[in-house]
Amino acid sequence: MKEISCKLLIIGAGPGGYVCAIKAGQLGIDTVIVEQGRPGGTCLTIGCIPSKALIHAAETFDKARTLSSGENALGIRVQGASIDLSKTMAWKDAIVGRLTGGVSGLLQKARVKIVHGHAHFRDGKTVEVETETGLQVIRTETVVIATGSDPVELAALPFGGKVISSTEALSLTELPKRLVVVGGGYIGLELGTAFARMGSEVTVVEATSQILPLYDADLVKPVLRRLGERGIKVLTDARAVGLSDTGEALVVETAEGRRELPADRILVAVGRRPRTTGSGLEELDLDRIGSFLQVDDRCHTSMRGVYAIGDVTGEPMLAHRAMAQGEMVAEIVAGRKRAWDKRCIPAICFTDPEIVSAGLLPEEARGHGFDVKIGQFPFTANGRAMTVEDEHGFVRVVARADTHAVLGLQAVGAGVSEFASTFAIAIEMGARLEDIAATIHAHPTRGEALQEAALKALGHALHI
Ligand code: FAD
Ligand code: NAD
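A.B. asks: I would appreciate a short explanation of the packing of helix 1 (residues 15-26) against helix 8 (residues 319-333) in the present structure.
C.D. replies: Two quantities define a packed helix pair, namely the angle between the axes and the distance from one axis to the other. Running from N to C, helix 1 and helix 8 cross one another at 30°; their axes reach a closest spacing of 7 Å. Here helix 1 lies roughly parallel to helix 8, going by the angle between them. As for how helix 1 packs across helix 8, the hand of that crossing is right-handed. Listed contacts from helix 8 to P15, G16, V19, C20, K23 and A24 of helix 1 are A319, A322, M323, G326, E327, V329, A330 and E331.

A.B. asks: What exactly am I supposed to notice about the domain arrangement of the protein here?
C.D. replies: Interfaces are often sized by the accessible area lost when the parts come together. Once the domains are mapped, the protein shows domain 1 (2-150 + 273-333), domain 2 (163-268) and domain 3 (347-458). Averaged C-alpha coordinates put domain 1 and domain 3 at centres separated by 31 Å.

A.B. asks: What's the story with the nonpolar core in this structure? I'm lost.
C.D. replies: Nonpolar side chains in soluble globular proteins generally cluster together in the buried interior. Ranked by internal contacts, the top residues of the largest apolar core, which has 35 residues, are L54, F195, V202, Y215 and I355. Here the element with the most residues in this core is helix 6 (residues 186-198); it accounts for six residues. Setting aside residues up to four positions removed in sequence, L54 forms contacts with L85, T88, M89, L170, L191, A194, F195 and M198.

A.B. asks: Sorry, what's going on with the pattern of salt bridges here?
C.D. replies: Where charged atoms from two side chains of opposite charge approach closely, those side chains can pair. Tallying each qualifying case throughout the model produces 25 salt bridges. Residue K7 is joined to E141 by a salt bridge in which the shortest nitrogen-to-oxygen separation is 3.6 Å. Of this pair, K7 sits in strand 1 (residues 2-11) while E141 sits in strand 6 (residues 134-145), and the two are 134 residues apart along the sequence. With a closest N to O distance of 2.1 Å, D352 and R230 form a salt bridge. Of the two residues, D352 is situated in the loop between strand 20 (347-349) and strand 21 (354-359) and R230 in the loop between helix 7 (217-229) and strand 11 (233-235); the sequence distance between them amounts to 122 residues. With relative accessibility at 11%, the residue D352 sits in the buried group. Residues participating in the shared-partner salt-bridge network are D62, R65, R197, R226, E229, R230, D352 and D390.

A.B. asks: What am I meant to see in the side chain of T88 here?
C.D. replies: Tracing the sequence through the fold places T88 in helix 4 (residues 85-109). On the basis of relative accessibility, which here comes to 10%, the residue T88 falls in the buried class. Once residues within four sequence positions are removed from consideration, T88 is found in contact with L54, A57 and I83.

A.B. asks: Which parts of the structure should I look at to understand the side chain of T45?
C.D. replies: Within the secondary structure, T45 is located in helix 2 (residues 41-46). Residue class for T45 comes out buried when judged on its relative accessible area of 17%. In this structure the side chain of T45 is engaged in a polar contact, spanning 2.6 Å, whose partner is the backbone oxygen of G41. Ignoring anything within four residues of it in the chain, the contact list for T45 reads R38, P39, P50, V96 and T100.

A.B. asks: Help me understand unusual backbone geometry, please; the structure alone is not making it clear to me.
C.D. replies: A negative phi angle is the norm for most residues apart from glycine, just as the trans form is the norm for most peptide bonds. Put simply, E315 and P316 share a cis peptide bond, and its omega is -10°. With respect to the helices and strands, P316 occurs in the loop between strand 19 (306-308) and helix 8. Residue P444 is reached from H443 by a cis peptide bond, and omega for that bond is -10°. Position of P444 among the secondary structure elements: in the loop between helix 12 (433-438) and helix 13 (448-457). A positive phi is found at R111, a non-glycine position, where the angle reads about 60°. Looking at the secondary structure, you find R111 in the loop between helix 4 and strand 3 (113-116).

A.B. asks: Is there a simple way to think about helix 7 in this case?
C.D. replies: The terminal C-alpha atoms of helix 7, which comprises 13 residues, lie 18 Å apart, in line with the 18 Å expected from a rise of 1.5 Å per residue. Where helix 7 is concerned, the buried positions are L219, V220, P222, V223, R226 and L227. When helix 7 is viewed along its axis, its buried side chains cluster within an angular range of 150° and face the same direction. Each element contacted by the buried residues of helix 7 is listed here: helix 6, strand 11, strand 21, strand 23 (394-400) and strand 24 (406-413). Two residues or fewer after helix 7 comes G231, characterised by a positive phi angle close to 80°.

A.B. asks: Would you explain the pairing of strand 4 (residues 118-123) in this entry?
C.D. replies: If a strand is regular, its side chains alternate between the two faces of the sheet. Where strand 4 and strand 5 (residues 126-131) come together, five bridges link them in antiparallel fashion. Bridge pairing in strand 5 links H120 to E128. Joining the antiparallel neighbours strand 4 and strand 5 is a turn of two residues.

A.B. asks: Help me understand the sheet that holds strand 13 (residues 249-254), please; the structure alone is not making it clear to me.
C.D. replies: Remark on secondary structure: sheet strands pair via backbone hydrogen bonds, oriented parallel or antiparallel. One open sheet holds the three strands; their spatial order is 12-13-14, and the pairing between them is antiparallel. Since the sheet does not close on itself, it has two edges, and those belong to strand 12 (239-243) and strand 14 (257-262), each with one partner. Taken pair by pair, the neighbouring strands of this sheet meet at an average axis angle of 30°, ignoring direction. Pairing analysis gives four bridges linking strand 12 to strand 13, with the strands arranged antiparallel. Bridge assignment links A240 to a residue of strand 13, and that residue is V252.

A.B. asks: Hey, could you run me through the sheet that holds strand 21 in this one?
C.D. replies: Pairing is antiparallel in the open sheet, where five strands are placed in the order 20-21-24-23-22. Both outer strands of the open sheet, strand 20 and strand 22 (372-378), are each paired with one neighbouring strand and no more. Direction aside, the axes of adjacent strands within the sheet are offset by 10° on average. As judged from the three bridges shared by strand 20 and strand 21, these two strands associate in the antiparallel manner. Within the sheet, the bridge partner assigned to I348 lies in strand 21 and is V356. Most of the contacts of helix 11 (residues 419-428) go to strand 24, to which it runs at about 170°, and overall it touches strand 20, strand 21, strand 23 and strand 24.

Analysis parameters
- Residues numbered from 1 in each chain as written.
- Chains lettered and ligands numbered in written order.
- Predicted model: local features only at pLDDT ≥ 70, side-chain atom pairs only at ≥ 80, totals over all residues.
- Heavy atoms only, no water.
- Axes fitted to C-alpha atoms, helices over the stretch in contact; angles between N-to-C directions.
- Helix = DSSP H or I, 4+ residues; strand = E, 2+ residues; numbered from the N terminus.
- Parallel < 35°, antiparallel > 145°, perpendicular 65-115°, else oblique.
- Left-handed = near helix turned anticlockwise from the far one by under 90°.
- Contact = heavy atoms within 4.5 Å.
- Domains from an automatic or database assignment.
- Core = buried A, V, L, I, M, F, W, Y, C linked by side-chain atoms within 4.5 Å.
- Buried < 20%, exposed > 50% of the residue type's maximum accessible area, 1.4 Å probe, protein only.
- Salt bridge = Lys/Arg side-chain N within 4 Å of Asp/Glu carboxyl O.
- Polar contact = N/O pair within 3.5 Å; in protein donor to acceptor, adjacent residues only side chain to side chain.
- Expected span 1.5 Å × (residues − 1).
- Arc of directions from axis to C-beta.
- Pairing = 2+ DSSP bridges.

If you want it as structure tokens, here you go:
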């Protein structure tokens, strides 16, 4: 048995943990990080990156297939289009390999010690790790729990056989002919759309009355329309009950009664739960909110010297939130005065078309008691959107009616995910409608729709 000690011990090298470790290393803190899988965590290995790679491959194939299916306005002729999913997955795996290797390199450069293996807490300051070369005991002054999350399993539909989670969906080498997706949230719609674009017949089963219930109906409408155009069936107010007697179909309950949906694969994507079992965390006296670890505005838990960051601390379960928390905690451990002071955490749904949102939606702003001015500009009036043949969607700005301070920015449309940075900068810097309206937006870009939305909220749009 080997024993080491350090000032900072981080459990989990996902976006939260690895960013915390790199920052801590850069600040000269003696840091150890323990990871049981590959550095990069869910995000790099089975989440953000692989899913976006698959979405891109599906989009490229879909375009080729559409171009090969007959005449088009652009006068382009393409003959035949096919996809070899095993090759697509190999390409995706190579990207994952490059990124996880990159994270290892960055950790080494920051002089962080990486211990490979499963960490188990003995107490709040001591952790045991089963490594390939035996048991390693690590004693520390400060711990950061960054153990992430796992997919939620439905009791009536346990994972196994044809019932899969996003992890298996992102490694399929054969296209399912009929894919039923349980859960019309982020994962269900991103992956469901990708498989439909590659040729699967897709049905989405959503328990609430609207897919993507986090967003308002106006933002979701263009996505819903496109799902319909692609032949993706959407059942709302529908619950998955279990497999049929033969195991060939999913049984769902809707307002009209029970029905069976024949399926080759059933992707269950009904949320994620914090990874807090199997590592001795149960024995620590940590306060929780539901199953998530409770933290204060410095990501400190209820136990002295123990911090928690990322998915294990709850919603929104997004990689960039985990990273921001990780960076902040490293600075706190280095003695800097820091607390969570972010005005917004932008969120993107990589559907077709994409949805992006930063700050408050109109109803949320009203719910906070604000009188609001709203400006919305459609891509049908945007030159760039016409030249790239995708005019679906709009940009919307939500501002205080009295001061014109921007409270929220949203968009739905092709490629609008890249608006996330501009939206977040505007809100973090306290922009007013006049600031956005007076900023020169380069032409021709989709971004001009943001300036026009601000002008519209001020009552003098130019291009509509
Ligand atoms: P994780 O990334 O889950 O990392 C935790 C790490 O801890 C893991 O590597 C795990 O092996 C390790 N670990 C756990 N317990 C132990 C232990 N006892 N000992 C040693 N190691 C341990 N977010 C976005 O922002 N944008 C997206 O586009 C996006 N797409 C997604 C797509 C999918 C399919 C999924 C599943 C998620 C997606 N997410 C996305 C969410 C994002 O992946 C997570 O929010 C993010 O990975 C959370 O980071 P984390 O550091 O908290 O945890
Ligand atoms: P989600 O919370 O986004 O969506 C789950 C959906 O399943 C909800 O619409 C919910 O109403 C529905 N649901 C719940 N129980 C159901 C049932 N029994 N039958 C039918 N529908 C049911 O969760 P997810 O899609 O699993 O994603 C998990 C998390 O991963 C997200 O919360 C998000 O934080 C993260 N993620 C982010 C991105 C991104 O940023 N682009 C992409 C993928 C995942």
